[in-house]
Amino acid sequence: MINVIYGTKIDYVKNQCHIFLNKEKGIIKQTFDYKNDSNLDILNSINQINLLDSYESNDNEFYCINNPSFLTSKTNSDRKFLENLLLSNKNIICLIVVKNKNSFNENVLNNKTFKFIEATIINDSKKISLANYYIQQSNLKFDCETTKSQFIAKLNNDPFFIENEIKKMANYANGVEINSNDVNVLCLNGINDNIFNLLIYILTKQKTKAFKLFNDLVKQKVQIINILQTISVQLFQLKLQKMLIEKYKFNFASKSLTELGINSFIVQKNLPILNLYTIDKLNQLLEKILLLDYNIKSNIVIPTIAFQLFVSEI
């Protein structure tokens, strides 16, 4: 059986592979890269006879092939490799990034030897299963089941995010049991608070503190794109608060603020920052962040350097 795990992001694909192996109680016997390893070496390694195979069951052993372009290509060499791979009669996992299932060749789609598994944002049930898998793998311990459930509840449904959050928590714990306070400080809400602090440092031109906090977030495996997206949301909220201040002339007791779900205490707390910028200036900053986000996603700039230049130019 050839198990094809596909998706639009390699991180989703890799984590779906973890879920698959956990479900099958399987292990990866050997990993190959179709882009870099020779076709002959891959086939020889998969087909080599191991004397122990006669005595030990290998139903849970899988050979993993990364970048399996032979599933989407129609060249003679790729077609020949695929034919030989099908003759191996071994458990194979292929990890590939494609737009959708229609990206595969028709002869692959119509062959019952292939099992297709799509890697996407996971549901809550799979999130809990995947989180427990990584918690076990990282030997992360909690003071009670309630704390563990609290921690998992704070995770979103992005497999890559789940893995990174658990790794970060494990590095922090260093073998010590995690308690409820640790979860509140270090999980997503804590990260969002740190990103807001980063935005405040940027707006108040405290560049040294901004660079340090930015580097700390990167070390915690927070993606730069996620930092930018969070900053843009927070900056838009500041812009909204600025508009409300101008509309209601600093009347924080206005009934309209309450009706809009705006906490007047938060507006008052942000007032020193809001006084530094006009609405037009906040709009300009939002445009710069959106442009930076686009340039990073389009691989036009180097993310870390581009973000540092953005901060320097504020």
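The shown structure was predicted, so the numbers you read here are calculated from the model rather than taken from an experiment.

Caption draft 1: Expanded view of the pattern of salt bridges. Enumeration according to the criterion identifies 3 salt bridges in this entry. In this structure, Lys29 and Glu61 form a salt bridge, with 3.7 Å as the shortest nitrogen-oxygen distance. In this pair, Lys29 sits in strand 2 (residues 27–33) while Glu61 sits in strand 3 (residues 61–66), placing the two residues 32 residues apart along the sequence. Since its relative accessible area comes to 35%, Lys29 is described here as partly exposed. Salt-bridge contacts for Asp293 lead to Lys297; the nearest nitrogen and oxygen are separated by 3.2 Å. One end of the pair is Asp293 and the other is Lys297, both in helix 14 (residues 279–297) and 4 residues apart, which spans about a single turn.

Caption draft 2: Just the confidence of the model for the protein, in detail. In this model, the protein carries an average pLDDT of 83, and 87% of its residues clear a pLDDT of 70 or more. Highest mean pLDDT in the protein belongs to strand 4 (residues 92–97) (94); lowest belongs to helix 12 (residues 255–259) (52).

Caption draft 3: Layout of helix 6 (residues 145–154). If you check which residues of helix 6 are buried, you get Thr147, Lys148, Phe151 and Ile152. Along the long axis of helix 6, the arc covered by the buried residues comes to 135°, so they all point the same way. Seen from the buried face of helix 6, the exposed residues on the opposite side, beyond 90 degrees, are Glu145, Thr146 and Ala153.

Caption draft 4: Focus on the packing of helix 1 (residues 10–24) against helix 5 (residues 124–137). Contact pair helix 1 / helix 5: the axes reach a minimum separation of 10 Å and the direction vectors enclose 85°. The angle between helix 1 and helix 5 falls in the class roughly perpendicular. Listed contacts from helix 5 to Asn15, His18, Ile19 and Asn22 of helix 1 are Ser129, Leu130, Tyr133 and Tyr134. Residue composition of the contact of helix 1 with helix 5, by class: 4 nonpolar, 4 polar and no charged.

Caption draft 5: Structural context of the side chain of Asp293. Under the relative-accessibility criterion, Asp293 is labelled buried at 13%. Contacts of Asp293, omitting those with residues within four sequence positions, involve Ile225, Leu228 and Gln229.

Caption draft 6: Structural view of the environment of Ile46. Checked against the element boundaries, Ile46 lands in helix 2 (residues 39–47). Expressed as a C-alpha distance, the spacing of Ile46 and Lys90, which sit 44 residues apart in the sequence, is 7.5 Å. Not counting the four nearest positions on each side in its chain, Ile46 is found in contact with Phe32, Tyr63, Ile65, Leu85, Ser88, Lys90 and Ile92.

Caption draft 7: Layout of the environment of Ser129. Along the polypeptide, Ser129 turns up in helix 5. Placed 110 residues apart in sequence, Ser129 and Ile19 show a C-alpha to C-alpha distance of 8.0 Å.

Caption draft 8: Spatial organisation of the pairing of strand 4. Most of strand 4 sits out of view: 5 of its 6 residues are buried. Pairing of strand 1 (residues 2–7) with strand 4, which is carried by 6 bridges, proceeds in the parallel orientation. Looking at the pairing, Val4 lines up with Cys94 of strand 4. Two elements, strand 3 and strand 4, share 4 bridges in a ladder whose sense is parallel. Across the sheet, Cys64 pairs through a bridge with Ile93, a residue of strand 4.

Caption draft 9: Fine view of the sheet that holds strand 3. With respect to topology, 5 strands assemble into an open sheet ordered 2-3-4-1-5, the strand pairing being parallel. Of all strands in the sheet, those with a lone pairing partner are strand 2 and strand 5 (114–118), marking the two edges. In this sheet, adjacent strand axes meet at a mean angle of 25° when their direction is disregarded. On top of the sheet, helix 2 reaches strand 2, strand 3 and strand 4; it is set at about 165° to strand 2, its chief contact.

What counts, and where the lines are drawn
Residues numbered from 1 in each chain as written. Predicted model: local features only at pLDDT ≥ 70, side-chain atom pairs only at ≥ 80, totals over all residues. Heavy atoms only, no water. Salt bridge = Lys/Arg side-chain N within 4 Å of Asp/Glu carboxyl O. Helix = DSSP H or I, 4+ residues; strand = E, 2+ residues; numbered from the N terminus. Buried < 20%, exposed > 50% of the residue type's maximum accessible area, 1.4 Å probe, protein only. pLDDT = per-residue confidence, 0-100. Arc of directions from axis to C-beta. Axes fitted to C-alpha atoms, helices over the stretch in contact; angles between N-to-C directions. Parallel < 35°, antiparallel > 145°, perpendicular 65-115°, else oblique. Contact = heavy atoms within 4.5 Å. Nonpolar A, V, L, I, M, F, W, Y, C, P; charged D, E, K, R; others polar. Pairing = 2+ DSSP bridges.

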